[in-house]
Amino acid sequence: MIVYWRIAGRESFADAHRGRAVAPYRVGAIDEAMPLNESCSSDFPVRLADDDRKRRGDQSGPGTAVITKTKPQTKRPNLYRVLLLNDDYTPMEFVVLVLERFFNKDSETAHRIMMHVHQHGIGECGVFTYEVAETKVTQVMDFARKHQHPLQCIMEKK
């Protein structure tokens, strides 16, 4: 049994498989409009092929139809930088602890970021999506308040 694919007026099995999701519809000698399902949108009804016409070489009928679905393009989420701000009261060891605990930094990387915050007044802890960045800022601020430190953590769009 041969299944014909019609794409842009051409019948080709190879064209149907080049980066397109297509589905063939074929029924013996019936040639009537096929009902569309709700997930498919089309401006014209889908019609089915007739085996007898195919054998005789008569191409005057509607032929075999293909319904394609296009995937919606997903947009990459905006990224946000989580930043620590320097102050004169928060101990350096506490900043290292925050970096290790909430940002999964090893002790060497945490110490390097802490020194950058200490020397430049601000340092980047990581880059995250909005929800993750917001959660990390809240966790750091709550942890600092709980331990009575004025450490400030903010987020900004990258």
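The rules we used
- For every chain, the first residue of the written sequence is number 1, and numbering continues from 1 along that sequence.
- Two thresholds apply to this predicted model, a pLDDT of at least 70 for residue-level local features and 80 or more for giving and counting side-chain atom pairs, whereas whole-chain, interface and lining totals are computed over all residues.
- In computing side-chain values, all of the structure's heavy atoms are included and hydrogens and water are not.
- A run of DSSP states H or I qualifies as a helix once it reaches four residues; a run of E qualifies as a strand once it reaches two. Both are numbered from the N-terminal end.
- For each residue, the accessible area found with a 1.4 Å probe, counting protein chains only, is set against the maximum for its type, and the residue is called buried under 20%, exposed over 50%, and partly exposed in between.
- Working rule for contacts: check all heavy atoms of both residues, and any pair within 4.5 Å makes them a contact.
- Residue exposure ignores everything except the shown protein chains as possible cover, and the areas themselves are Shrake-Rupley values with a 1.4 Å probe.
- pLDDT is a per-residue confidence score from the predictor, ranging from 0 to 100.
- Any two strands between which DSSP finds at least two bridges are classified as paired.
- Here an angle of 0 to 180 degrees is reported between the N-to-C directions of two axes, which are lines fitted to C-alpha atoms, with helices fitted over the stretch in contact.
- By definition, a salt bridge exists where a carboxyl oxygen of Asp or Glu is found within 4 Å of a side-chain nitrogen of Lys or Arg.
- One less than the number of residues in a helix, times 1.5 Å, gives the span that helix is expected to have.

### Let's talk about the overall build of the protein chain
Alright, step 1. Helix and strand counts for the protein chain stand at five helices and nine strands.
Alright, step 2. Out of the 158 residues in the protein chain, the part that is buried amounts to 31%.
Alright, step 3. Sequence separation of at least 24 residues holds for 59% of the intrachain contacts in the protein chain that already meet a minimum separation of 6.
Alright, step 4. Put simply, the protein chain shows about 11,000 Å² of open surface, and 51% of that area lies on carbon and sulfur atoms.

### Topic: the confidence of the model for the protein chain
Alright, step 1. Here the protein chain averages 78 in pLDDT, while 60% of its residues score no lower than 70.
Alright, step 2. Segment residues 25-34: pLDDT under 50, and 30 contacts once partners within four positions in sequence are set aside and those in other chains are kept.

### With respect to unusual backbone geometry
Alright, step 1. If you check the backbone angles, Asn-104 has positive phi at about 50° while not being a glycine.
Alright, step 2. Looking at the element boundaries, Asn-104 is found in the loop between α3 (92-103) and α4 (107-120).
Alright, step 3. Accessibility expressed as a relative area gives 66% for Asn-104, which makes it exposed.
Alright, step 4. One non-glycine residue, Gln-148, lies in the positive phi region at around 60°.
Alright, step 5. Mapped onto the fold, Gln-148 is located in the loop between α5 (130-146) and β9 (152-157).
Alright, step 6. Gln-148 sits in the exposed class, given a relative accessible area of 73%.

### Let's talk about the sheet that holds β9
Alright, step 1. Pairing within the open sheet is antiparallel, and its three strands lie in the order β8-β7-β9. Edge positions in the sheet fall to β8 (122-129) and β9, since each has one partner strand and no second. Pairwise comparison of adjacent strand axes, ignoring direction, gives a mean angle of 25° for this sheet.
Alright, step 2. With seven bridges joining them, strand β7 (residues 79-85) and β8 adopt antiparallel strand pairing. Of the residues in β8, the one forming a bridge with Leu-79 is Thr-129.
Alright, step 3. Relative to β8, α4 is tilted by about 125°, and along the sheet it contacts β7 and β8.

### A few points about the environment of Tyr-89
Alright, step 1. Within the secondary structure, Tyr-89 sits in the loop between β7 and α3.
Alright, step 2. Taking the C-alpha atoms as reference, Tyr-89 lies 7.0 Å from Pro-150; in sequence the two are 61 residues apart.

### Concerning the pattern of salt bridges
Alright, step 1. The full count for this structure, using the stated rule, is two salt bridges.
Alright, step 2. Arg-81 is the partner of Glu-124 in a salt bridge, and the nearest nitrogen-oxygen pair spans 2.6 Å. On the criterion of sequence distance, the pair formed by Glu-124 in strand β8 and Arg-81 in strand β7 is long-range, its members being 43 residues apart.
Alright, step 3. Glu-124 gets classed as partly exposed once you look at its relative accessible area, which sits at 35%.
Alright, step 4. Residue classification places Arg-81 among the partly exposed residues on the basis of a relative accessible area of 25%.
Alright, step 5. In this structure, Arg-81 engages Glu-156 in a salt bridge whose closest nitrogen and oxygen atoms are separated by 2.9 Å.

### Notes on α5
Alright, step 1. With 17 residues, α5 extends 24 Å between its outermost C-alpha atoms, agreeing within 8% with the 24 Å of an ideal straight helix rising 1.5 Å per residue.
Alright, step 2. Where α5 is buried, its residues contact β7, α3, β8 and β9.
Alright, step 3. Just downstream of α5 lies Gln-148, where phi reads positive at about 60°.

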